[in-house]
Amino acid sequence: MLNRIEEWIDLTNERFSNQRQSCALFTRDFAGFYSEEFLSNSYFVIVDSIPKPDFPELRQAGLGDFLDMELQGITYKNTYYIVPSVAQNLRLHFHELVHVAQWKSLGAIGFLERYISEVQSVGYNEAPLEKLAYAFDHHFSQDWQKVDVPSYVENKI
């Protein structure tokens, strides 16, 4: 199932490739948190509806609630998708970039395996990968000390 999800992700990212924007736009805003190189290799797409792989196997695995959630953003590898109402929300961009770092650190199959396992066992709100992203976006919103997010993620997950 994980390989099928990754294939869907690759096709989705390819389908939206002409609409994606480089996160290098946030170099100044996120200085000290994300390097220019990291941001230049990360992308976002503004979409009216968040794309999600709605496979029967995912629902059978107990992920129906997650698939049915109204999300403002979701990350697939180095690209995240957001709805227009949050396109200017730096905190949301920051949050999704934490997930980009997680994908990069864990690899696609590793990320999917861990994320799905966490959501199944403790739910979305308590999933450690989500909690880390929320903790970092809160840290950013409070204008606290700069932390190299990708390095932190690499060392802690």
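Residues numbered from 1 in each chain as written. Predicted model: local features only at pLDDT ≥ 70, side-chain atom pairs only at ≥ 80, totals over all residues. Heavy atoms only, no water.

Asks: Kindly report on the environment of Met 69, identifying the contributing residues and their values.
Replies: Its location among the elements puts Met 69 in the loop between helix H3 (56-68) and strand E3 (73-76). C-alpha of Met 69 to C-alpha of Tyr 124: the two residues are 55 residues apart in sequence and 9.9 Å apart in space. (Helix = DSSP H or I, 4+ residues; strand = E, 2+ residues; numbered from the N terminus.)

Asks: Which residues make up the packing of aromatic side chains, and what values do they have?
Replies: Overall, the coordinates contain 20 aromatic pairs when judged by the stated rule. Aromatic side chains Phe 26 and Phe 44 sit 5.7 Å apart centroid to centroid with 40 degrees between the ring planes, which places their arrangement in the tilted category. Of this pair, Phe 26 sits in the loop between strand E1 (21-22) and helix H2 (36-40) while Phe 44 sits in strand E2 (residues 43-46), and the two are 18 residues apart along the sequence. Between Phe 66 and Tyr 115, the aromatic rings sit 5.8 Å apart at their centres with planes inclined by 65 degrees, giving edge-to-face as the arrangement. One end of the pair, Phe 66, is in helix H3; the other, Tyr 115, is in helix H5 (residues 108-122), and 49 residues separate them in sequence. On the accessibility criterion, Phe 66 (15% relative accessible area) is buried. The exposure class assigned to Tyr 115 is buried, which follows from its relative accessible area of 10%. (Phe/Tyr/Trp six-rings, centres within 6.5 Å; stacked < 30°, edge-to-face > 60°. Buried < 20%, exposed > 50% of the residue type's maximum accessible area, 1.4 Å probe, protein only.)

Asks: Can you explain the nonpolar core? Please cite residues and give values.
Replies: Within soluble globular proteins, side chains that are nonpolar generally end up buried alongside one another. Residues Tyr 34, Phe 94 and Leu 97 are the most contacted members of the largest nonpolar core, which totals 52 residues. Looking at this core element by element, the count peaks at seven residues for helix H4 (residues 90-106). (Core = buried A, V, L, I, M, F, W, Y, C linked by side-chain atoms within 4.5 Å.)

Asks: Tell me about helix H6 (residues 128-141), and please be specific about residues and values.
Replies: The end-to-end C-alpha distance of H6 is 20 Å, a good match for the 20 Å that 14 residues give at a rise of 1.5 Å each. For H6, the set of buried residues is Leu 129, Glu 130, Leu 132, Ala 133, Phe 136, Asp 137, His 139 and Phe 140. On its buried face, H6 sits against H4, H5 and helix H7 (149-156). A positive phi of about 60 degrees marks Asp 143, the residue just after H6. (Expected span 1.5 Å × (residues − 1). Contact = heavy atoms within 4.5 Å.)

Asks: If you had to explain the sheet that holds E1 to someone new, which residues and values would you point to?
Replies: In spatial order, the strands read E1-E2-E4-E3; together these four strands make up an open sheet with mixed pairing. Taken across any chain shown, the strands that pair with only one partner, and hence form the sheet edges, are E1 and E3. The sheet contact formed by E2 and strand E4 (residues 79-82) spans four bridges and is parallel. Looking at E4, one finds that Val 45 is bridged to Tyr 81. (Pairing = 2+ DSSP bridges.)

Asks: Break down H7 for me, with residues and values.
Replies: For H7, the full list of buried residues reads Val 149, Pro 150 and Val 153. Taken down its axis, H7 places every buried residue within 95 degrees of arc, on the same side. The outward face of H7, more than 90 degrees from its buried face, is lined by the exposed residues Asn 155 and Lys 156. Each element contacted by the buried residues of H7 is listed here: H2, H4 and H6. (Arc of directions from axis to C-beta.)

Asks: So, the pairing of E3: which residues are in play, and what are the values?
Replies: Residues Gly 73 and Thr 75 point to one face of E3 and Ile 74 and Tyr 76 to the other, with burial holding for every one of them. The pairing of E3 with E4 spans four bridges and is antiparallel. What sits directly across from Ile 74, in E4, is Tyr 81. What sits between E3 and E4 in their antiparallel hairpin is a turn of two residues, with Lys 77 showing a positive phi close to 60 degrees.

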